[in-house]
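Reading the structure
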There are 2 protein chains.
Amino acid sequence: MISNQDFNLSCPIPIQKYPYILLAHGGGGKLMRQLIDQMFLPIFGEPNQVEHDAATLKLNGNKIAFTTDSYVVNPLFFPGGDIGSMAVHGTVNDLAMAGARPLYLSVSFILEEGLPLQTLWEIIISMKKAADQAQVKIVTGDTKVVDKGKGDGIFINTSGIGMIEHHLTINPLSVQPGDAVIINGDLGRHGIAIMAVREGLEFETTIESDSAPVADEVLKLLEAGIEIHCLRDLTRGGLASTLNEIAIGAHVEIEIQETAIPVLEEVKGACEILGFDPLYVANEGRFAVFVPQKDIEKTLSILQAKIPEACLIGFVKKTSTPLVTMESSIGAKRIIDMLSGEQLPRIC
Amino acid sequence: MISNQDFNLSCPIPIQKYPYILLAHGGGGKLMRQLIDQMFLPIFGEPNQVEHDAATLKLNGNKIAFTTDSYVVNPLFFPGGDIGSMAVHGTVNDLAMAGARPLYLSVSFILEEGLPLQTLWEIIISMKKAADQAQVKIVTGDTKVVDKGKGDGIFINTSGIGMIEHHLTINPLSVQPGDAVIINGDLGRHGIAIMAVREGLEFETTIESDSAPVADEVLKLLEAGIEIHCLRDLTRGGLASTLNEIAIGAHVEIEIQETAIPVLEEVKGACEILGFDPLYVANEGRFAVFVPQKDIEKTLSILQAKIPEACLIGFVKKTSTPLVTMESSIGAKRIIDMLSGEQLPRIC
């Protein structure tokens, strides 16, 4: 912990070059990493802290996970979900990524003056249904109202507490060369569902967000005795950014196969129209799990029971420089970088 | 818990009469109570739940407190504090009001595109100093960015976890006729400090916000064996609204003495200029504690060691109708109602 005397009041990021917050600072890519690495972690972090979707805390002999997320998605309602259900799923999933059993959520609303009460009511109902489905209780809350033009209808924060009942160390430092990389379903639906509404795109079949709680699957993997090395949800920045973060944290190469990555035809088509790469599109019910090769079959069978598209997409390799590579259908290999700039603002 | 089938999709508050969210819905007064009582509690609450600043949860034999608050104060910096220090104090104090030892905080930022990075940096430093002072750790976080014109510089959510180490039931149901009502210092400085900046008022001496952590005092009261019946911070809606909530929860009359209530001369003057009543002005480092008469002296001596203005302001009485009354300096008695409408928007 830094003592009170040590603070330098000049911003450590050169403000001549980056004077203001940009949308990309919230995009899950390189600018967001700069904020975290140069501003948040030096002040709030502990030495040698391993970054995670949730903090792991010891409380009188219990190990709990604690996490927070604010949701600013626009539009508030979209095919397959709304800001309320997402605010439950996202935080439940962050707890699950620590291998924790989600138990309790808080909810805090920032409402804009002029929001219809009926809209708020529908969002509350949606949160309750999502919480019941994920078997968590919403136990405490708060409401603030800001003047018209100083918010955007409704922003929601949920924070969550979960119980960690396993003895694994689930984080990038546990990732080993040889580990398999498995994802729990097809990619890109959440981001494309949101963009389709925003851009007024129509497809033959409506693309629905993948927003869903995943704690149940994770707990089943743990109960089956699978030696999970790392778990990470594929939200902002998509699969590409997530794998890059893990490659850097574990100091490994992650090699994935392009042909193995499941993306719906409609999502592929929409990505082409919109100029997006599905590897970078945000998901809200998808995660990557790193397991030793011995556990591949068991992992796939548990995940495919929920979503048939769950699959093995690649392996971890030794490297001198951490990176993510992808082999294409014709055998060409290219580097998959972290998201740079902002692809899809306000997706979550 | 309500089952999935039971939800009525029509808003229970008549939307012909109240179609939209107003600033007053966030003001801590009657409209906010309507939201809580008619929308939030029926959906998220448990039967016979006692409302509190923090939820009390059991986790494998441990009793913990869990709370959340979003901060939307305007301006971001004011005499005696800023949105960052307040976001720590407020949540630490909500934990303290459950008699809990604050341990861990989460922090989630909603940044508006265009916020100067230097401003964010100063707020982070301020949060860190406040957390060190309150002996809590900020252990997990999140950052979202919204487009320019869809936020207001920065909104902060903090959620907190504290450990409950006592065996008292600290809530309005424990309040008894005969209990003493003690407050820990002078009233009204936070709200007036904010309004003075907004309105460009200048006084001979600058009025500083009372924003401060109070967990230390509360833990000292508990360590001294004081039989605390209820604790409540005097934030939105001020002393008047807080006492009304407790009077209703405990089904008692609370009678306070006008002459006993400490308000700085400058604050009184500012209230006259601005047309405010100090009883309704928000504080961020003040609370009311209800104790049996045997504990009055000990309570005062502990609280006055920190703030000399801490004092006894009244007593609890039996009643058929819950209410708060105040005896004036000339012996006249009047009813002190809950805040109606909005006195000071975006004070916290």
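Scroll up for the structure.
The numbering scheme is per chain: residues are counted from 1 as the chain's sequence reads. Naming scheme: in the order in which they are written, chains are lettered from A and ligands are numbered from 1. Local features in this predicted model are restricted to residues of pLDDT 70 or higher, and side-chain atom pairs are both shown and tallied only at a pLDDT of 80 or more, whereas totals for entire chains, interfaces and linings draw on every residue. Only hydrogens and water are removed before side-chain values are computed, so all heavy atoms of the structure are retained for them.

1. Comments concerning the packing of helix 5 (residues 215-223) of chain B against helix 8 (residues 296-306) of chain B
All names here are of chain B. Orientation is described by lines fitted to C-alpha atoms, with helices fitted over the stretch in contact, and by angles between N-to-C directions that extend from 0 to 180 degrees. Helical segments are the DSSP runs of H or I of at least four residues, strand segments are the runs of E of at least two, and each set is numbered from the N terminus. Contact geometry of helix 5 with helix 8 gives a least axis separation of 10 Å together with a crossing angle of 155°. One finds that helix 5 runs roughly antiparallel with respect to helix 8. In this structure, the crossing between helix 5 and helix 8 has a hand that is right-handed. Touching Glu217, Lys220 and Leu221 of helix 5 are Thr299, Ile302, Leu303 and Lys306, all from helix 8. In the contact of helix 5 with helix 8, the residues fall into three nonpolar, one polar and three charged. Put simply, angles under 35 degrees are roughly parallel, angles over 145 are roughly antiparallel, angles from 65 to 115 are roughly perpendicular, and the rest are oblique. If you view the pair so one helix is near and one far, a crossing is left-handed when the near helix is turned anticlockwise from the far one by less than a right angle, and right-handed when it is turned clockwise. It only takes one pair of heavy atoms within 4.5 Å for two residues to be counted as in contact. Amino acid classes used here: Ala, Val, Leu, Ile, Met, Phe, Trp, Tyr, Cys and Pro are nonpolar; Asp, Glu, Lys and Arg are charged; the rest, including Gly, are polar.

2. What to know about the interface of chain A and chain B
Tallying the contact residues gives 92 residues for chain A and 91 residues for chain B. For any pair of parts, buried area is found by adding up, for both, the accessible area (1.4 Å probe) each one loses once the two are put together. Where chain A abuts chain B, roughly 8,100 Å² becomes buried across the two surfaces, and 69% of that area is made up of carbon and sulfur atoms. Considering only the side of chain A, the residues that lose the most area to chain B are Phe44, Leu117 and Trp121 of chain A, jointly responsible for 10% of the buried surface there. Salt bridges are counted wherever a side-chain nitrogen of Lys or Arg sits within 4 Å of a carboxyl oxygen of Asp or Glu. Between chain A and chain B we count eight salt bridges in total. A salt bridge links Asp147 of chain B to Arg346 of chain A; the nearest nitrogen and oxygen atoms lie 2.8 Å apart. Counting of polar contacts relies on pairs of N or O atoms within 3.5 Å, with two restrictions inside protein: one atom must be capable of donating a hydrogen and the other of accepting it, and residues adjacent in sequence are counted only when both atoms are side-chain atoms. Linking chain A with chain B are 35 residue pairs in polar contact (both at pLDDT 80 or more), by the criterion used here. Residue assignment for the side of chain A that touches chain B shows that the elements contributing at least two residues are helix 1 (30-44), strand 1 (55-59), strand 2 (62-71), strand 5 (100-112), helix 3 (117-134), strand 6 (137-146) and strand 7 (154-164) of chain A. The greatest single-element share of the side of chain A that touches chain B, amounting to eleven residues, is contributed by helix 3 of chain A.

3. Quick notes on the relation of the copies chain A and chain B
Its rotation angle being 180°, the transformation that places chain A on chain B also includes 0.0 Å of axial translation and leaves an RMSD of 0.0 Å. Classification of the inter-copy transformation places it as that of a two-fold axis. Looking at the rotation axis and the C-alpha trace of chain A, the residue lying nearest is Gly151 of chain A, at 2.2 Å. By residue overlap, the copies meet face to face through one surface: 99% of the interface positions of chain A are interface positions in chain B. When the copies are overlaid, the least-squares fit takes in C-alpha atoms only where the residue has pLDDT of at least 70 in both copies.

4. Section: the pairing of strand 7 (residues 154-164) of chain B
Residues and elements named next belong to chain B. Each residue's exposure class comes from its accessible area (1.4 Å probe, protein chains only) as a fraction of the maximum for that residue type: buried when under 20%, exposed when over 50%, partly exposed otherwise. The element strand 7 is largely enclosed, with a buried count of eleven among its eleven residues. In strand 7, alternate side chains face the same way, and those of Ile154, Ile156, Thr158, Gly160, Gly162 and Ile164 on one face and Phe155, Asn157, Ser159, Ile161 and Met163 on the other are all buried. Relative to strand 7, strand 2 (residues 62-71) is paired through eight bridges, and the arrangement is antiparallel. Across the sheet, residue Ile64 finds its bridge partner in strand 7, namely Met163. In this structure, strand 5 (residues 100-112) lies alongside strand 7, joined through eleven bridges in antiparallel fashion. Its bridge partner lying in strand 7, Ser108 is registered against Asn157. Whether two strands pair depends on DSSP finding at least two bridges between them.

No statement about biological role is implied by the geometric values presented.
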